[in-house]
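# Chains, contacts and geometry: an overview
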Amino acid sequence: MVTSAHGLDSSQYTFNYVAGWALNAVTEDRDLADILRSTGQRVFGAADLILQATQPAPTITDGALDALESEVRTQVDPTRWEVAPAVAEPPPQVSPPSRAVPAPALSL
C-alpha cells in the first residue's frame, strides 16, 4: 500500500510473499483466516501511519483532477444517468365539421 501510494508497483511480489508467509504461519490454534485478519489490521494501521507522514498534501491540481474524474464517471456510468420522464403530447385538436349555413347574398 505504501509503495503503491508512491507510484511503485510491488503487488506481485507482495502478494506472493504474504501468501507464502501466511500459509507457513497456520497452526492448530490459528487458522488462515484468523492470521490474515489480525495481520491485516496491523498492516493497515502501520501503512496509515507511514502514509500520513510521507504523503504530500493535495494540490489544487489534484482537487481539479479528482473533480474532473468524478464528472467523467458520472457521464459514462449509465446507472447514474437521469432519464427525463416521457411527456405525452396532447392529441391534435380537430375542429368538428362546420354546420353553418352560408349567408344569402345581398343585392341593392
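Rules and cut-offs
- Residues numbered from 1 in each chain as written.
- Predicted model: local features only at pLDDT ≥ 70, side-chain atom pairs only at ≥ 80, totals over all residues.
- Heavy atoms only, no water.
- Phe/Tyr/Trp six-rings, centres within 6.5 Å; stacked < 30°, edge-to-face > 60°.
- Helix = DSSP H or I, 4+ residues; strand = E, 2+ residues; numbered from the N terminus.
- Buried < 20%, exposed > 50% of the residue type's maximum accessible area, 1.4 Å probe, protein only.
- Expected span 1.5 Å × (residues − 1).
- Contact = heavy atoms within 4.5 Å.
- Patch = residues over 30% accessible without salt bridge, like charges linked within 9 Å, V, L, I, M, F, W, Y side chains within 5 Å.
- Areas by Shrake-Rupley, 256 points an atom, 1.4 Å probe, with all protein chains shown as cover.
- Salt bridge = Lys/Arg side-chain N within 4 Å of Asp/Glu carboxyl O.

## Notes on the packing of aromatic side chains
Counted by the stated rule, this structure contains one aromatic pair. On the numbers, 6.2 Å between centres and 15 degrees between planes, the contact of Y13 with Y17 is stacked. One end of the pair, Y13, and the other, Y17, are both in helix α2 (residues 11-25), four residues apart, so they sit about a helical turn from each other. For the pair Y13 and Y17, a shared accessibility class is recorded, and that class is exposed.

## Here's the deal with helix α3 (residues 32-54)
Taking 1.5 Å as the rise per residue, α3 with 23 residues should run 33 Å; its terminal C-alpha atoms sit 32 Å apart, in good agreement. Within α3 the residues assigned to the buried category are I35, S38, T39 and A47. Where α3 is buried, its residues touch α1 (2-5) and α2.

## Quick look at a nonpolar patch on the surface
The grouping of Y13, Y17, V18, W21, L23, V26, L32 and L36 at the surface amounts to a nonpolar patch, some 770 Å² of accessible area in total. Ranked by residues supplied to the nonpolar patch, first place goes to α2 with five residues. Considering the arrangement of structural elements, one finds L32 in helix α3. Given a relative accessible area of 32%, L32 falls into the partly exposed group.

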